[in-house]
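This is what each chain is made of:
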Amino acid sequence: MMDLRERANRVRAWLAARTPRQLLLAGWVTCILLCYPGYLSFDSIEQLGQARSGHFTDAYAPVMTGVWSLCEWIFAGPFPMLALQTGLFVFGAYGVLKRALSPRAAAVVAVGVLAAPPVFAPMAVIWPDSLMAGALLAAAAALLDERRAMKAAGAVALVIAGGCRPEVAPATIPLAMLALPASLSGRLRRAGLAVALVVACSGVARLVGWILVDDDTYAWQQRLEWIDVVGTLRRAHADDPMPGLTVVDRARLLEGHDAYDAYVLTHGPKRVAEPIADDAQSEALSAAWHAAIADHFGAYATHRGELMLRQLGITHPWLPVFDDFGDPDHLMLLHHRATPSDLEIAWRAIVHVVALTPLFRPLLYVLLAIPAIVLARRRRELLALVASGVMYEIIQLPLASSVDYRFSHWLVATVWLVLVALAVARKPAWRAS
Amino acid sequence: MADGGARAIVAAGVAGIIVYAFPGYLSTDSIDQLAQARAGEYGDWHPPVMAALWHGVEIVVTGPLGMLVLQVTCFVVGAYLLLARVLAPRTAALVAVAIAWLPPIACELAVIWKDSQMAGYALLGVAFVGDSRRGARAAGLVLLGLASAMRYNAAALTLPIVLLAYAPPVHGARRLAIATVMWVAITGGAAAANRLLADRHEHPWQQSVAMMDLAGIARWSHADDRELAAALEGTPLRDASQIRERAQARYRPHWMWSEIWDDGGLFRPARDDTELDAITRAWRELVVAYPRAYLHHRWRMTRELLQVPGTYASDSAYVWFTDVQDLAGSARRSKHDAAPSRVQQLLQPAALWLGDSVWFAPWWYAVLSLVMLVFARRDRTAFALLAGGVLCELTLCFAAPTPDARYSLWLFVATAVGGALVVARRVRPA
């Protein structure tokens, strides 16, 4: 009979014999099982409805809705999107990390980082932010590849990422630079080419979105500009006639001293104004937004600064974990309903416990990004990742449309990937040869 | 297991069926079993071992997907391992996938049924019991035991498999003796496991087959009402008058449940032990008193079961994610629902159309099996498979409550895999 040590050695030897691809597949499947078939927020359910009906609005990233609609050819419901976003993440991360680590170490780190609760929590939900993170990592990995087809695939991934969150465009410049051959000289030339690639991909994303959208609801504009206008006016204690817009209650417009949720401002009995519905109102809202910033720049800066402090989890800690399969009544027409397995329930408990720690505070990752940039300065792929994460977080300062942990997810994911990779690479045997 | 190409083909074969069925079709029986699996309280109308297994699978993944992956993977891998004995790995993988994708097999494997579970475990079990490694043979016996636990008539398919295909490192009478002991062990073990796991006894035989047989005998015997009323005394008759006339008017061998479930049926479900005992007694008395009527009724049932030309034969494919008799209600009760993908929306009507075709008619698989038994006499595994398929079907002649294509799944499987083995041996002699 084998003793325990011999058995353990056999298990170790068996594990050591697994290829990186097998490790990635096993890790990917395990991560999917931890949240199968995928969590759905109200927005996700609405987006699934659009993907299925084929009637797209710009209220939800139309490129993502289009991708979901294509996925529904093979598997219906949230599962294919969960598989896609986690698959892009884990295989993309592996593709980048294998430049710095041995293939086995890269596979283990890629799976480990995806399973890390601060990274995993948003990846388990069908959100544009989660698909964007996966697409950006896949883009980085593909752009690093020498083959032309892979570079083209990387550009497609950049289009998908840009389609999920248009504001990510500047943050993709460091990743686009990975596509350029090392032999290409001149920093300005390299930067120019990278910017050109990003502009092209963003343009394509925008064009595809425009083609796909049936009804324009000015969603992106409303989410950003309403909170800025109302938040700025409230802080400046200044009224504005806002010509061309329907203000429901002028007294309520200046009630309170902040505004961080455009939906609350434009919907329900306590709404301040009616949502905009046509191009004229869209122009009026833009004019009001420009006027508020120009006339009360200090108040605007305070409003955005306060929003950013909340976003970083400094002033108003919030619950950063969403893990629900969706409202059964809301989902009834879509014929989707799921219950959590024991494994999922246990994993949710672990994630919720970790969520109580600073590991779920984006501020921690802003601070950790500094040493990450310093330590990764000689590894262009890792440096590009963390630079992209930091840039996306900086973009939130003027462009965040509300306070949500998922908006900082790309920073969190990149810092985790880079720091863990750097730590693992300290052991020579685990470094890339 | 195989070279890269074969492995990829097998994986694609599994994935293909999963794409067709995702996340797994559920009928009334499946929904009942899912409810039992979740509650952890098992009745014995369906195999408690399957509900317990589902309970275990639900620790990792809820709903039908886990069971679907299990049954499909076991099936395709089992078929591949068997065929790889006589064919090149790549060819074996292609043939295994082609068999799994045969409409009468794929359509049944797509539903979470005891029949599909049995087919998956049995096929992988056959592949393992003939292995030269002791561990693999033991795993094969465990899988055959699991298959035995899934259906009351599985012993008929495991008997030839264990006796002929089980390959311990001894020969002759000793091998046969060991194989017999193993078959008794797995059959007894499966029955004991089901009995031990059952929290409540639902008397499926008395509540279905026996009452249907009584209705059949009432229809085909020459007994008058007085004799029938006397014999059926104590049974849950809805009305003790005009028994023969009503039995003649309502007799439908393709759907005998109407004799129990419908208001106009001869019987209602039994409510207590006295009625159950009365059913058992009446069945014995009437079968002995009117054997020709009983056999004629079973023959009519068997004709429907085999879907011989001229019989009712329809609805052999099932393509619903919840109980088709109450889609919304069963979704609410089971807290599970799913919508078809676009590919499924294309495939489901095709499956339903094929379900009414000769593809699903067990009679010609039975004929084919009997013919191939002759050619398979030198190949133990193929012979065991084919014989198991025929034996399993024979048990249904006397035990099937009502005709249903899924009951014949093992006949389809045995004919396809056994036939492929026979042909492969002839094309490429060992």
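Bear in mind that the values here come from a model prediction, so they are computed numbers and not experimental data. (Residues numbered from 1 in each chain as written. Chains lettered and ligands numbered in written order. Predicted model: local features only at pLDDT ≥ 70, side-chain atom pairs only at ≥ 80, totals over all residues.)

Caption draft 1: Structural detail: the overall build of chain A. Of the regular secondary structure elements, chain A holds 21 helices and zero strands. Taken over the C-alpha trace, chain A has a radius of gyration of 23 Å; the compact-globule value for 433 residues is 22 Å, and the two agree within 12%. Expressed as lengths along the three principal axes of its C-alpha atoms, the size of chain A is roughly 85 × 55 × 40 Å. Across chain A, contacts joining residues at least 24 apart in sequence account for 76% of those joining residues at least 6 apart. (Helix = DSSP H or I, 4+ residues; strand = E, 2+ residues; numbered from the N terminus. Rg over C-alpha atoms; globule rule 2.2 N^0.38 Å. Contact = placed C-beta atoms within 7 Å.)

Caption draft 2: Representation of the overall build of chain B within the structure. If you tally the helices and strands in chain B, you get 21 helices and zero strands. A principal-axis box enclosing the C-alpha atoms of chain B has dimensions of 70 × 50 × 45 Å. Every one of the 430 residues in chain B was classed for burial, and the buried ones make up 54%. Sequence separation of 24 or more characterises 73% of the internal contacts of chain B that already satisfy a separation of 6 or more. (Buried ≥ 20, exposed ≤ 12 C-beta atoms within 10 Å, placed from the backbone.)

Caption draft 3: Layout of the packing of helix α9 (residues 155-165) of chain B against helix α20 (residues 380-399) of chain B. Residues and elements named next belong to chain B. Running from amino to carboxyl end, α9 crosses α20 at an angle of 160°, the nearest separation of the two axes being 7 Å. Between α9 and α20, the angle is such that the two are roughly antiparallel. Where α9 crosses over α20, the handedness of that crossing is right-handed. Counting all contacts with α9, which are made through Ala 156, Leu 157, Leu 159, Pro 160, Ile 161, Leu 164 and Ala 165, the residues of α20 involved are Arg 380, Thr 381, Phe 383, Ala 384, Ala 387, Gly 388, Leu 391, Cys 392 and Thr 395. (Axes fitted to C-alpha atoms, helices over the stretch in contact; angles between N-to-C directions. Parallel < 35°, antiparallel > 145°, perpendicular 65-115°, else oblique. Left-handed = near helix turned anticlockwise from the far one by under 90°.)

Caption draft 4: Looking closely at the environment of B:Ala416. Residues and elements named next belong to chain B. Structurally, Ala 416 can be placed in helix α21 (residues 409-427). Along the backbone, Ala 416 and Tyr 365 are 51 residues apart, and their C-alpha atoms lie at a distance of 8.5 Å. Apart from residues lying up to four places away in sequence, Ala 416 is in contact with Ile 99, Leu 102 and Ile 105.

Caption draft 5: The arrangement of the domain arrangement of chain B in detail. Residues and elements named next belong to chain B. Each domain of chain B was delimited in the assignment, giving domain 1 (4-200 + 358-427) and domain 2 (204-306). One C-alpha centre belongs to domain 1, the other to domain 2, and the line joining them spans 33 Å. Across the boundary between the two partners, domain 1 contributes 14 residues, which contact 14 residues of domain 2. Breaking the side of domain 1 that touches domain 2 down by element, the ones donating at least two residues are α19 (362-375) and α20. The residue makeup of the side of domain 1 that touches domain 2, split by class, is twelve nonpolar, one polar and one charged. (Domains from an automatic or database assignment. Nonpolar A, V, L, I, M, F, W, Y, C, P; charged D, E, K, R; others polar.)

Caption draft 6: Quick look at helix α7 (residues 114-129) of chain B. With 16 residues, α7(B) ought to run about 22 Å at 1.5 Å a step, and its terminal C-alpha atoms sit 22 Å apart, in line with that. Among the 16 residues that make up α7(B), 16 are buried, leaving the element largely enclosed by the rest of the structure. (Expected span 1.5 Å × (residues − 1).)

Caption draft 7: Inspection of the nonpolar core at higher detail. Core analysis: the largest hydrophobic core is formed by 228 residues, its most contacted members being A:Ala110, A:Ala140, B:Leu83 and B:Ala96. Not counting residues up to four positions away in its chain, the partners in contact with B:Ala96 are B:Val10, B:Gly13, B:Val76, B:Ala79, B:Tyr80 and B:Leu83. Formed by 28 residues, the second largest nonpolar core is a distinct cluster that contains B:Ala210, B:Ile243, B:Ala247 and B:Trp283. (Core = buried A, V, L, I, M, F, W, Y, C linked by C-beta atoms within 7 Å.)

Caption draft 8: Just the interface of chain B and chain A, in detail. In this assembly, 18 residues from chain B lie in contact with 18 residues from chain A. The residue inventory of the side of chain B that touches chain A, partitioned by class, reads ten nonpolar, four polar and four charged.

Caption draft 9: Structural context of α19(B). All names here are of chain B. In this model α19 runs 20 Å from its N-terminal to its C-terminal C-alpha over 14 residues, within 8% of the 20 Å that 1.5 Å per residue would give. Within the span of α19, buried status applies to Pro 362, Trp 363, Tyr 365, Ser 369 and Met 372. Where α19 is buried, its residues meet α16 (291-306), α20 and α21.

Caption draft 10: Quick peek at the domain arrangement of chain A. Residue and element names in this part refer to chain A. Partitioning chain A into domains gives domain 1 (19-214 + 324-430) and domain 2 (219-311). Here the C-alpha centroids of domain 1 and domain 2 sit 31 Å apart. If you look at the interface, domain 1 gives 14 residues, while domain 2 gives 13 residues. Of the residues forming the side of domain 1 that touches domain 2, the biggest block, four residues, is contributed by helix α20 (residues 380-399). Partitioning the side of domain 1 that touches domain 2 into residue classes produces nine nonpolar, four polar and one charged.

Caption draft 11: Up close: the packing of α19(B) against α21(B). Residues and elements named next belong to chain B. Close contact between α19 and α21 brings their axes to 9 Å; oriented N to C, the two are set at 35°. α19 and α21 meet at a crossing whose hand is left-handed. On α21, the residues that touch Pro 362, Tyr 365, Ala 366, Leu 368, Ser 369, Met 372 and Phe 375 of α19 are Leu 411, Phe 412, Ala 414, Thr 415, Gly 418, Gly 419 and Val 422. For the contact of α19 with α21, the residue count by class is ten nonpolar, four polar and no charged.

Caption draft 12: Local environment of unusual backbone geometry. Look at the link from A:Tyr36 to A:Pro37: it is a cis peptide, with omega at 0°. Here A:Pro37 shows up in the loop between α2 (20-33) and α3 (42-53). Geometrically, the link from B:Phe22 to B:Pro23 is a cis peptide bond, its omega value of -5° lying close to zero. Residue position: B:Pro23 is located in the loop between α1 (4-21) and α2 (28-39). Backbone geometry places A:His237, a non-glycine residue, at a positive phi of 50°. Residue position: A:His237 is located in the loop between α12 (219-236) and α13 (250-253).

Caption draft 13: Local environment of the environment of A:Gly87. All names here are of chain A. For Gly 87, the location among the structural elements is in helix α5 (residues 79-97). Residue Gly 87 is classed as partly exposed on the basis of its C-beta count, with 19 C-beta atoms lying within 10 Å. Between the C-alpha atoms of Gly 87 and Ala 124, which are 37 residues apart in sequence, the distance is 12 Å.

Caption draft 14: Here's a closer look at the confidence of the model for chain B. Taken as a whole, chain B shows an average pLDDT of 94; of its residues, 98% reach a score of 70 or greater. Two numbers describe this predicted complex: its pTM, 0.93, and its ipTM, 0.90. (pLDDT = per-residue confidence, 0-100.)

Caption draft 15: Quick look at the environment of B:Ile9. All names here are of chain B. Tracing the backbone through its elements, the reader meets Ile 9 in helix α1. Given 22 C-beta atoms within 10 Å, Ile 9 falls into the buried group. Spatially, the C-alpha atoms of Ile 9 and Ala 93 are 6.0 Å apart, while their sequence positions differ by 84 residues. Setting aside anything within four residues of it in sequence, one finds Ile 9 in contact with Arg 90, Ala 93, Leu 94 and Val 97.

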